[in-house]
Structures are given as C-alpha cells and as structure tokens.
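One-letter residues, chain by chain:
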Amino acid sequence: MPLEVEGLRFLRVADRERIRVDEYEKEGASGLLTNAADQVLLQLRDDVPTIRYPGHWSLPGGLLEPGETPEAAFRREMLEELGWAAGAVEPFGMILDAFDNLVNYFTARLDVPLEALTLGEGREIRFFGPDDMTGLMITPHAAEVLAHFFAHPGQRFGTTRMP
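Remember, predicted model here, so these are calculated numbers, not experimental data. (Residues numbered from 1 in each chain as written. Predicted model: local features only at pLDDT ≥ 70, side-chain atom pairs only at ≥ 80, totals over all residues. Heavy atoms only, no water.)

As a further point, take the layout of surface pockets. By volume, the largest pocket is sized at about 700 Å³. Lining the largest pocket are 32 residues, with Arg45, Gly61, Gly62, Leu63 and His141 positioned closest to its centre. For the lining of the largest pocket, a count of residues per class yields 13 nonpolar, ten polar and nine charged. (1 Å grid on protein atoms, 1.4 Å probe; cavity = no way out; pocket = protein on both sides within 12 Å on 5 of 7 lines; lining within 4 Å. Points joined across faces, edges and corners; volume = space filled by probe spheres on them. Nonpolar A, V, L, I, M, F, W, Y, C, P; charged D, E, K, R; others polar.)

A positive phi is found at aspartate 38, a non-glycine position, where the angle reads about 60 degrees. Mapped onto the secondary structure, aspartate 38 falls in the loop between strand S1 (27-34) and strand S2 (40-44). By relative accessible area, which is 29% here, aspartate 38 ends up partly exposed. The backbone of aspartate 100 shows a phi angle near 60 degrees, a positive value even though the residue is not glycine. Tracing the backbone through its elements, the reader meets aspartate 100 in the loop between strand S5 (89-96) and strand S6 (102-109). (Helix = DSSP H or I, 4+ residues; strand = E, 2+ residues; numbered from the N terminus. Buried < 20%, exposed > 50% of the residue type's maximum accessible area, 1.4 Å probe, protein only.)

Helix length check: helix H3 (residues 140-151), at twelve residues, gives a terminal C-alpha distance of 17 Å against a target of 16 Å (1.5 Å per residue), a fit within 8%. Turning to H3, its buried residues are His141, Ala142, Val145, Leu146, His148, Phe149 and Phe150. Of the surrounding elements, those touching the buried residues of H3 are S1, S2, strand S3 (57-58), S5, S6 and strand S7 (124-128). (Expected span 1.5 Å × (residues − 1). Contact = heavy atoms within 4.5 Å.)

Let's shift gears to the environment of threonine 34. Among the structural elements, threonine 34 can be located in strand S1. On the accessibility criterion, threonine 34 (3% relative accessible area) is buried. Along the backbone, threonine 34 and leucine 110 are 76 residues apart, and their C-alpha atoms lie at a distance of 5.6 Å. Dropping the residues within four chain positions of it, threonine 34 is found in contact with Gln39, Val40, Ala108, Arg109, Leu110, Phe127 and Phe149.

This part takes up the pattern of salt bridges. Overall, the coordinates contain eight salt bridges when judged by the stated rule. A salt bridge links arginine 76 to glutamate 65; the shortest N-O distance between them is 3.6 Å. Residue arginine 76 is found in helix H2 (residues 70-82), and its partner glutamate 65 is found in the loop between strand S4 (61-63) and H2; the two are separated by eleven residues along the sequence. Between glutamate 68 and arginine 76 there is a salt bridge whose closest N-O contact spans 2.8 Å. Side by side, glutamate 68 and arginine 76 carry an identical accessibility label, which is buried. It is possible to trace a salt-bridge network through shared partners that takes in Glu65, Glu68, Arg76, Glu77 and Glu80. (Salt bridge = Lys/Arg side-chain N within 4 Å of Asp/Glu carboxyl O.)

In short, shape yes, function no, at least from these values alone.
Here you go:
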C-alpha cells in the first residue's frame, strides 16, 4: 500500500490514478539521503548483466517485503545496504518506474561520515550535488527524482514542503 500522507506529491501526474487503484507490479522504498552541503548520496550499482541498470548510479533502496510499510522497508534497506539506522525521515513522493514498480521516496539527513557506512550492496557510494550529475550514468527513475529534488529546494528534508 503506498504512502498515505496528506499532500504527498505524486512526482508524475500521470501516475496518480494508477497508484490509487493499485495498478502497479511491485512496491519499493528509496531514499534521498543528504549531507550538510545538501548533496545526495548515490550508490553505484554492481556491473553484472543479471541486474537492471548495471554500472549505473542510483538511490539506495529496494522492494517491500510482505506486510511491510514503505517507511519500514526504507529503514530496513538503509540498514542492509549502508549499515545505517535512519533517524527522522520524511516522505518525498512516489513514481512508477519503467518496470511499473511503485517507488516511495523518503528524505533523511545522513548524520554520519561516509567512512562510517558499510556498503552492503553495490560498488561505491558517494555524495553528489546538482552540478555533479552531468555525464553520470544514472538509473532513469533516480535521475527524474533527483532533478525534481534539486529543482525544488523547499521540498527537502527539514524544510517547509511545497504543495
């Protein structure tokens, strides 16, 4: 069941009705984790042909397990992929990805240095700002969400959210 939060942004208007009537394949949760410089943590996916978008940068996250809420999945995925226990989180929005999976996005402040994280999935993690995105191979859904995130600074974690 997708996030049920008043005023939640559907990042694509066309997705709104399909999400409301549960017209999607699987459901996932992903994070826009920011540092003090408002850069976002990206994870370099493994470069193996058996996964989607091998060798691309993406936002950390994964699919919900049966009976799990999007926020619980987000917290579990951060522990599994980064060894990091998220504190306060805020819902950011949702989209349907290219495979008709519903992805719920959360924002959180990453309150530890990169060196304190344990990479449990992927090849590398690094912080990126909006000017660092040029030329990166980024998964299409992550690129779309990042463009929205960087274009709307009032919607970031800990700030007043725009309608």
